[in-house]
Amino acid sequence: MKSDKIVPEGYDEWRRKIDCLIESSKLDAALHINADMSQLYRT
């Protein structure tokens, strides 16, 4: 029995964009946390 996955047209590009948004958000969060922690330690 053959199992072919059928994905909608444009799915790969959509998936790459979502992955990029997630990675960008993780980096942004890490930068904000580091900045906040640095400010906390300076006080």
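Higher on the page you've got the structure.
Residues numbered from 1 in each chain as written. Predicted model: local features only at pLDDT ≥ 70, side-chain atom pairs only at ≥ 80, totals over all residues. Heavy atoms only, no water.

A. Up close: the pattern of salt bridges. One pass over the full model with this rule turns up three salt bridges. A salt bridge links arginine 15 to aspartate 19, with the shortest nitrogen-to-oxygen separation between them at 3.4 Å. Placement of the pair is arginine 15 and aspartate 19 together in helix α1 (residues 11-42), with a separation of four residues, close to one helical turn. Judged by relative accessible area, which is 40%, arginine 15 ranks as partly exposed. Taking relative accessible area as the criterion, aspartate 19 reaches 35% and is therefore assigned partly exposed. (Salt bridge = Lys/Arg side-chain N within 4 Å of Asp/Glu carboxyl O. Helix = DSSP H or I, 4+ residues; strand = E, 2+ residues; numbered from the N terminus. Buried < 20%, exposed > 50% of the residue type's maximum accessible area, 1.4 Å probe, protein only.)

B. Inspection of the packing of aromatic side chains at higher detail. Applying the stated criterion across every chain yields a total of one aromatic pair. Between tyrosine 11 and tryptophan 14 the ring centres are 5.7 Å apart and the planes differ by 40 degrees, which places this aromatic pair in the tilted class. Placement of both tyrosine 11 and tryptophan 14 in helix α1 is noted, with a separation of three residues, approximately one turn of the helix. The exposure class assigned to tyrosine 11 is partly exposed, which follows from its relative accessible area of 29%. (Phe/Tyr/Trp six-rings, centres within 6.5 Å; stacked < 30°, edge-to-face > 60°.)

C. Region of interest: a nonpolar patch on the surface. Where nonpolar side chains cluster on the molecular surface, the patch consists of Ile33, Met37 and Tyr41 and spans about 350 Å² of accessible area. Relative to the helices and strands, isoleucine 33 resides in helix α1. (Patch = residues over 30% accessible without salt bridge, like charges linked within 9 Å, V, L, I, M, F, W, Y side chains within 5 Å. Areas by Shrake-Rupley, 256 points an atom, 1.4 Å probe, with all protein chains shown as cover.)

Keep in mind these values describe shape, not function.
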